[in-house]
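# Architecture and fold: a report
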Amino acid sequence: MDVLCLGESMIVLAPAAAEPLRGAVDLHMGVAGAESNVAVALARLGARAAWCGKTGDDPLGRRIRDVLDDAGVDCALVQTDPDRPTGVYFKDPGPGGTRVHYYRRGSAASTMRPGHLAGIDAPRLLHLSGITPVLSDTCAALVDELLIDRALDPALVSFDVNYRPALWPVSEAGPALRRLADAADIAFVGLDEAQVLWGTATAEDVRELLPGAGVLVVKDGGNGVTAFEGGKAVFAPAEPVDVVEPVGAGDAFAAGFLYGRLREASLEASMRLGHRLAAGALQTVGDLAPPPPPETVRAILEDQ
C-alpha cells in the first residue's frame, strides 16, 4: 500500500441546525478521526490508502468501516473489540465557538498496544498523529514503537502534532509531542499550537526546536505554510476562501502534501496541492470535500 494511517476514528454527533446541543432535537451522525480523514482524502486522490485502528463490536464501529470502505479506504487491518465500545463525541455550537464533548475513555481504540501492526508488509508511508499517544499508556507505547523504534522499517513516517487541549495539559503534551515530531520523516504542526506547546513565535523558531524532522511543515492558518527540508525553506501563501467551517482543513492539507511527496513532487507543488484540498475543506460542512479533478491534480504537481 502507499499509505497506512493509524489512529482512532469515532462517531461524531452534532445538531442538524446551527443551535446549542442542549436544546437540539435532531442530530447529524458522522465519522471523524484525523488519521482516517487523511486516509479518505488520499484514497479519493487515487492513492492506495489504508486505515488501521480498533472499533467496538457495535453498530457505530460497523458504520465507521462502512463509510471508509465506501470512500475506497482499505480497512482490512482494522480490529474489532467485543468488550469495548466505539468512541463518540458531540459538537456543541455556540456564540463563542463550538465546544467538543468526548466520550472515548475506555474505548476499543484505547487498547491498542505495541505489536498492533506486527507481521504486516511495510507501506511506503505510515501516518500518525499526536492524538493517539494520549489515549492510553499502551497507545503511547505503540506510537513510540512505530515512530521512535521504527518497527515498520523501511517505511517513512509522517506525524501531525494535532494537539488536543481537552485531552492533556500543555505541561505533559509539550515535551511528548516535541520528541515525537522531531523524530518524524515528515512533521506537520500549526504555528498556533506550536506557540501554545513550546512558546515559539515564528516558523523558523519551530524549525530550530525540531531540527530532526526530515521535512517540517508549519501551518499558519489563512496566512500560508512554511516547509523546511534540509537547508531549504519555502513559503506558500494560502488560497483566499470564504470559510464555512474550519474543521478538517489541516487533515486535507496533510493529505494533499503527502500525496505530492508520494508522487515525488517538489515541496512547492506538494504545498500547492495541500492548499487546494484545504480550501475545499474550508468551504464545506464536514471534515472533507471532494478532491479536484485528476487533470487539475496532475497540473498542480507537474508545475514544479
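Heads up: these notes are all about the structure in this document. (Residues numbered from 1 in each chain as written. Predicted model: local features only at pLDDT ≥ 70, side-chain atom pairs only at ≥ 80, totals over all residues. Heavy atoms only, no water.)

### Observations regarding the overall build of the protein
Our working definition: Each helix corresponds to a stretch of at least 4 residues labelled H or I by DSSP, and each strand to a stretch of at least 2 residues labelled E; elements are numbered beginning at the N terminus. The globule rule used here is 2.2 Å times the number of residues to the 0.38 power, and the radius of gyration it is set against is calculated over C-alpha atoms. The classification of residues rests on relative accessible area computed with a 1.4 Å probe and restricted to protein chains. Under 20% of the type maximum is buried, over 50% is exposed, and intermediate values are partly exposed. For this analysis, residues touch if any pair of their heavy atoms sits within 4.5 Å. Using the Shrake-Rupley algorithm and a 1.4 Å probe, accessible areas are obtained, with residue cover drawn only from the displayed protein chains. A positive count includes Lys and Arg, and a negative count includes Asp and Glu. His and the chain ends are not counted in either. In this description, the location of a charge corresponds to atom NZ of lysine, CZ of arginine, CG of aspartate or CD of glutamate.
Secondary structure assignment for the protein yields 9 helices and 14 strands. In summary, the protein has a C-alpha radius of gyration of 18 Å against a globular reference of 19 Å for 304 residues, a match within 12%. In the protein, which comprises 304 residues, the proportion classed as buried is 53%. Considering only intrachain contacts with a sequence separation of at least 6, the fraction spanning at least 24 residues in the protein is 69%. Of the accessible surface of the protein, which amounts to about 13,400 Å², a share of 50% is contributed by carbon and sulfur atoms. Here the protein contributes 26 positive and 41 negative side-chain charges, whose respective centroids are spaced 1 Å apart.

### With respect to the pairing of strand β7 (residues 88-92)
Threshold: Any two strands between which DSSP finds at least two bridges are classified as paired.
Counting buried positions along β7 gives 4 out of 5 residues, so the element sits mostly inside the fold. As judged from the 3 bridges shared by strand β2 (residues 10-15) and β7, these two strands associate in the parallel manner. Residue pairing across strands places Leu13 opposite Phe90, the latter belonging to β7. The pairing of β7 with strand β8 (residues 99-103) spans 5 bridges and is antiparallel. Looking at β8, one finds that Phe90 is bridged to His101. Where β7 folds back on β8, the antiparallel hairpin that results is connected by 6 residues, among which Gly97 adopts a positive phi of roughly 120°.

### A short note on the state of the cysteines
Filter applied, for reference: Two cysteine sulfur atoms make up a disulfide if the distance between them is within 2.5 Å.
Inspection of every chain in the model, using the stated rule, returns 0 disulfides. No disulfide involves Cys5; its sulfur sits 10 Å from that of Cys52, the nearest cysteine. A residue is classified by how much of its surface remains accessible, and Cys5, at 0% relative accessible area, is buried. Take Cys75: it sits in no disulfide, and the sulfur closest to it among the cysteines is that of Cys52, at 9.5 Å.

### Re the environment of Gly222
Note on placement: Gly222 falls in the loop between β12 (215-220) and β13 (224-229). Separated by 27 residues in the primary sequence, Gly222 and Ala249 place their C-alpha atoms 11 Å from one another.

### Here we look at the pairing of β13
In terms of burial, β13 is a largely internal element, 5 of the 6 residues being buried. Relative to β13, β12 runs antiparallel, the two being bridged by 6 bridges. The residue bridging Leu216 from the neighbouring strand is Phe228, located in β13. Counted between consecutive antiparallel strands, the loop separating β12 from β13 contains 3 residues, among which Gly221 sits at a positive phi close to 50°.

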